[in-house]
Amino acid sequence: MNAPLFATFLLGMFWARCTGTGAFLGLFGGISSSAIFHSLTLATGNVPGVKGGYLGVLKYFPSEMAQNFWLASFAFIVCFTLTLVISLATRRTKTDEELKGWCTR
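Each chain has its residues counted from 1, running along the sequence as written. Local features in this predicted model are restricted to residues whose pLDDT is 70 or higher, and side-chain atom pairs enter the listing and the counts only when it is 80 or higher, whereas totals over whole chains, interfaces and linings include all residues. The side-chain quantities take in all heavy atoms of the structure and omit both hydrogens and water.

**Student:** What exactly am I supposed to notice about the packing of helix α1 (residues 2-14) against helix α2 (residues 20-40) here?
**Tutor:** The axes of two packed helices give the description: the angle between them and the distance between them. Note on geometry: axes are lines fitted to C-alpha atoms, helical ones only across the stretch in contact, with angles between N-to-C directions running from 0 to 180 degrees. Think of it this way: any DSSP run of H or I at least four residues long counts as a helix, any run of E at least two long counts as a strand, and we number them from the N terminus. Interaxial distance between α1 and α2 falls to 8 Å at its minimum, and their mutual angle equals 160°. Classified by the angle between their axes, α1 and α2 sit roughly antiparallel to one another. As α1 packs across α2, the resulting crossing turns out to be right-handed. Across the interface between the two elements, Pro 4, Leu 5 and Thr 8 of α1 pack against Ala 23, Leu 27, Gly 30 and Ile 31 of α2. Gly is placed with the polar residues, together with every amino acid not listed as nonpolar (Ala, Val, Leu, Ile, Met, Phe, Trp, Tyr, Cys and Pro) or charged (Asp, Glu, Lys and Arg). Of the residues contributing to the contact of α1 with α2, the split by class is five nonpolar, two polar and no charged. Roughly parallel refers to an angle under 35 degrees, roughly antiparallel to one over 145, roughly perpendicular to one between 65 and 115, and oblique to any angle outside these ranges. When the near helix sits turned anticlockwise from the far one by under a right angle, the crossing is termed left-handed; a clockwise turn instead gives a right-handed crossing. Only heavy atoms enter the contact rule, under which two residues are in contact if any of them lie within 4.5 Å.

Here it is in structure tokens:
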């Protein structure tokens, strides 16, 4: 949950071309991909359906920490990529001239 939120925050704060539609859909896609990733993976020693593997087990990780690390990395990359692509595909609401000096007001 935190990794996609962090990706959205980074792009929203430091990339003027980021759009609201891109940020929302990227965040939603990142959180959804995180849920799917968790439901298809399992840490060694855990029972499927309790701490992952709800839909089946495609990948076993050596520990819960490793599973969480890869889940966060995957969700961050998905959110970042979706936000980037969707923002480039949608129309901006403000031009660079309208954004100039905005943070000093």
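**Student:** How should I be thinking about the packing of aromatic side chains in this particular structure?
**Tutor:** Each aromatic ring pair is characterised by the separation of its centres together with the angle its planes make. Aromatic pairing here means that ring centres of Phe, Tyr or Trp (its six-membered ring) are within 6.5 Å. Orientation follows from the plane angle: under 30 degrees is stacked, over 60 is edge-to-face, and everything else is tilted. The full count for this structure, using the stated rule, is five aromatic pairs. Pairing Phe 6 with Phe 76 gives two aromatic rings, centres 6.1 Å apart and planes at 40°, and the pair type is tilted. Pair noted here: Phe 6 is in helix α1 and Phe 76 is in helix α3 (residues 64-89), with a separation of 70 residues, a long-range link. Three labels apply to residues, based on accessible area from a 1.4 Å probe with only protein chains included: buried if under 20% of the type maximum, exposed if over 50%, partly exposed otherwise in between. Given the relative accessible area of 24%, Phe 76 is considered partly exposed. Taken together, the ring pairs connect Phe 6, Phe 76 and Phe 80 into an aromatic cluster.

**Student:** Just checking my understanding: could you explain the packing of α2 against α3 for this structure?
**Tutor:** Put simply, α2 and α3 touch, their axes get as near as 7 Å, and they point 150° apart. Relative to α3, α2 is oriented roughly antiparallel. The interaxial crossing formed by α2 with α3 has right-handed handedness. Two secondary-structure elements touch here, α2 through Thr 21, Gly 22, Ala 23, Leu 25, Gly 26, Leu 27, Gly 29, Gly 30, Ser 33, Ser 34, Phe 37 and His 38 and α3 through Gln 67, Trp 70, Leu 71, Phe 74, Ala 75, Val 78, Cys 79, Leu 82, Thr 83, Ile 86 and Ser 87.

**Student:** Just checking my understanding: could you explain the environment of Leu 71 for this structure?
**Tutor:** Assignment of secondary structure puts Leu 71 in helix α3. Between the C-alpha atom of Leu 71 and that of Met 1, which follows or precedes it by 70 residues, the distance is 9.7 Å. Look past the residues within four positions of Leu 71 in its chain and what remains in contact with it is Ser 34, Phe 37 and His 38.

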